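Descriptive structure summary
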Amino acid sequence: MEERVKNKDNVNHPQHYTSHPSGVECIEITQHYDFCVGNAIKYLWRAGLKHEEGMEDKEKQIEDLKKAVWYINKEIELLNK
């Protein structure tokens, strides 16, 4: 894990998915869930860690949290059908 963070790799091991204190990479968890739940976890995981040009970090964090909520609501909608 430490080696991945040192060698920046935004394609295979983006830092915002590999910097969890546990050393676990986000995909190791999300791949065991269906699409909507996995994506909600992904957005919660990276909230506050991903930076985007033209956005303040707080704005990006809020956006990621809203995306997580969207996927949770979509999963609820699908389960109710």
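Notes on helix α5 (residues 57-80)
In this model, α5 (24 residues) spans 35 Å end to end at C-alpha, consistent with the 34 Å of a helix rising 1.5 Å per residue. Every buried residue of α5 is listed here: K60, D64, A68, Y71 and E75. Its buried side turned inward, α5 meets α4 (35-46).

Let's talk about the pattern of salt bridges
According to the stated counting rule, one finds seven salt bridges in the structure shown. With its nearest N and O atoms 3.1 Å apart, the salt bridge here joins R46 to D64. Note that R46 is positioned in helix α4 and D64 in helix α5, a separation of 18 residues in sequence. Both residues of the pair, R46 and D64, belong to the buried class. D64 is the partner of K60 in a salt bridge, and the nearest nitrogen-oxygen pair spans 3.8 Å.

Describing the confidence of the model for the protein chain
For the protein chain, mean pLDDT is 86; residues scoring 70 or higher make up 86% of the total. When pLDDT is averaged over each helix and strand of the protein chain, the minimum, 45, is found for helix α1 (residues 2-6) and the maximum, 97, for α5. Below a pLDDT of 50 lies the segment residues 1-5, which in the model reaches ten contacts outside its immediate sequence neighbourhood of four places, other chains included.

Side note on the nonpolar core
Counting residues in each nonpolar core, the largest one holds five residues, listed as C36, A40, Y43, A68 and Y71. Looking at this core, the elements with two or more residues in it are α4 and α5. Contacts of A68, omitting those with residues within four sequence positions, involve A40, Y43 and L44.

Reading the values: rules and limits
Residues numbered from 1 in each chain as written. Predicted model: local features only at pLDDT ≥ 70, side-chain atom pairs only at ≥ 80, totals over all residues. Heavy atoms only, no water. Helix = DSSP H or I, 4+ residues; strand = E, 2+ residues; numbered from the N terminus. Expected span 1.5 Å × (residues − 1). Buried < 20%, exposed > 50% of the residue type's maximum accessible area, 1.4 Å probe, protein only. Contact = heavy atoms within 4.5 Å. Salt bridge = Lys/Arg side-chain N within 4 Å of Asp/Glu carboxyl O. pLDDT = per-residue confidence, 0-100. Core = buried A, V, L, I, M, F, W, Y, C linked by side-chain atoms within 4.5 Å.

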